[in-house]
Amino acid sequence: MKALLASISILFAFISRGNAIECEVCSGQASMDCSGELVTCDQTVESCQTAITDMTFEGLDPMYAVFKNCSDVGAKNILHRFAAKDVFYQQRVEVCQTNGCNKGPLQFPPKNTTLNGVKCPTCVVAGELSCEATEVVECVGKMTSCLYIAGTFRITAAPPVKSAYHGCTSAEFAEQVPIGPADTVQEVVTLIVSKGV
């Protein structure tokens, strides 16, 4: 009987170990893709994820970041866009459920540049945790709400910087604004989503 119970417990351990998903794990800031080792995720993880970000200041080259890893429980696909005076930011998160499914590049869908009639107060400040919006930006595409966000962010390999932004967002309420990936956000002190003017 003991031999039978031991065999059954070994079988269950083997089966449960076989169900753990494997995901590519890497990060980078030179482009929107990276490559790394396949890692066996924790038993509670059911999916892999890729997160890409693109931040462009007018007149400068885009700044990219990519993160691939085992996904958090409850992770879901995200496409978030934000536009302020002379700044455009977008983030996409894609979640998948098969071994190694997050290998390979992820891209952003084309930008919709059609004016949607919504206008938002706008300002961009580096080095401070607030900014006074004295201008207005016209929103495009699915960016139909206004966002005010202030915090400490890491945009490049340089140390994190305090920044504040007012502008258009595709989020309809604060909970839809993605705060992450973890390497890019140190602290958010203000996050308000409101209707446009």
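A brief look at the structure comes next. (Residues numbered from 1 in each chain as written. Predicted model: local features only at pLDDT ≥ 70, side-chain atom pairs only at ≥ 80, totals over all residues. Heavy atoms only, no water.)

## Re the state of the cysteines
Rules: Criterion for a disulfide: a pair of cysteine sulfur atoms at a distance within 2.5 Å. Put simply, DSSP marks the helices as runs of H or I at least four residues long and the strands as runs of E at least two long, and each gets a number from the N terminus on. Accessibility here uses a 1.4 Å probe with only protein chains present; expressed as a share of the type maximum, an area under 20% marks a residue as buried, one over 50% as exposed, and anything in between as partly exposed.
One pass over the structure, following the stated rule, counts 7 disulfides. Across the disulfide, Cys41 is cross-linked to Cys70 (sulfur-sulfur distance 2.0 Å). Judged by the sign of its S-S torsion, about -90°, the bond between Cys41 and Cys70 is left-handed. With Cys41 in the loop between strand E2 (37–40) and strand E3 (48–57) and Cys70 in strand E4 (residues 63–70), this residue pair connects regions lying 29 residues apart in the sequence. One disulfide bridge connects Cys96 with Cys101, the sulfur atoms lying 2.0 Å from each other. Residues Cys96 and Cys101 share a disulfide whose torsion about the S-S bond is about 85°; that sign makes it right-handed. Owing to a relative accessible area of 17%, Cys96 belongs among the buried residues under this scheme. Relative accessible area serves as the criterion here: at 24%, Cys101 is assigned to the partly exposed category.

## What to know about empty space enclosed by the protein
How we decide: Residues are said to line a cavity or pocket when one of their atoms sits within 4 Å of a point; the points come from a 1 Å grid over protein atoms alone, cavities being sets where a 1.4 Å probe fits but cannot get out and pockets being open sets with protein on both sides within 12 Å along at least five of seven lines. Grid points are joined across faces, edges and corners, and a volume is the space filled by probe spheres set on the points. Side-chain classes are defined by residue name, with Ala, Val, Leu, Ile, Met, Phe, Trp, Tyr, Cys and Pro counting as nonpolar, Asp, Glu, Lys and Arg as charged, and the others, Gly among them, as polar.
A complete count under the given rule lists 1 cavity of 30 Å³ or more for this structure. Of the volumes computed, that of the largest cavity is approximately 340 Å³. Along the wall of the largest cavity there are 21 residues; nearest its centre are Met55, Tyr89, Phe153, Thr184 and Val185. Among the secondary structure elements, those contributing two or more residues to the lining of the largest cavity are E3, E4, strand E5 (78–84), strand E9 (145–153) and strand E11 (185–195). The class makeup of the residues in the lining of the largest cavity is 16 nonpolar, 4 polar and 1 charged.

## Some words on the pattern of salt bridges
To be explicit about the condition: The rule for a salt bridge is simple: a side-chain nitrogen of Lys or Arg has to be within 4 Å of a carboxyl oxygen of Asp or Glu.
Within this structure, the stated rule accounts for 5 salt bridges. Residue Glu24 pairs with Lys68 through a salt bridge whose shortest N-O separation is 3.2 Å. Taken together, the residues Glu24 in strand E1 (residues 22–28) and Lys68 in strand E4 connect sequence positions 44 residues apart. One exposure class covers both Glu24 and Lys68, and it is buried. The partner of Lys68 in a salt bridge is Asp33, and the shortest N-O contact between them spans 2.8 Å. With Lys68 in strand E4 and Asp33 in the loop between E1 and E2, the pair connects residues that are 35 residues apart, well separated along the chain. Because the salt bridges share partners, they merge into one network encompassing Glu24, Asp33, Lys68 and Lys103.

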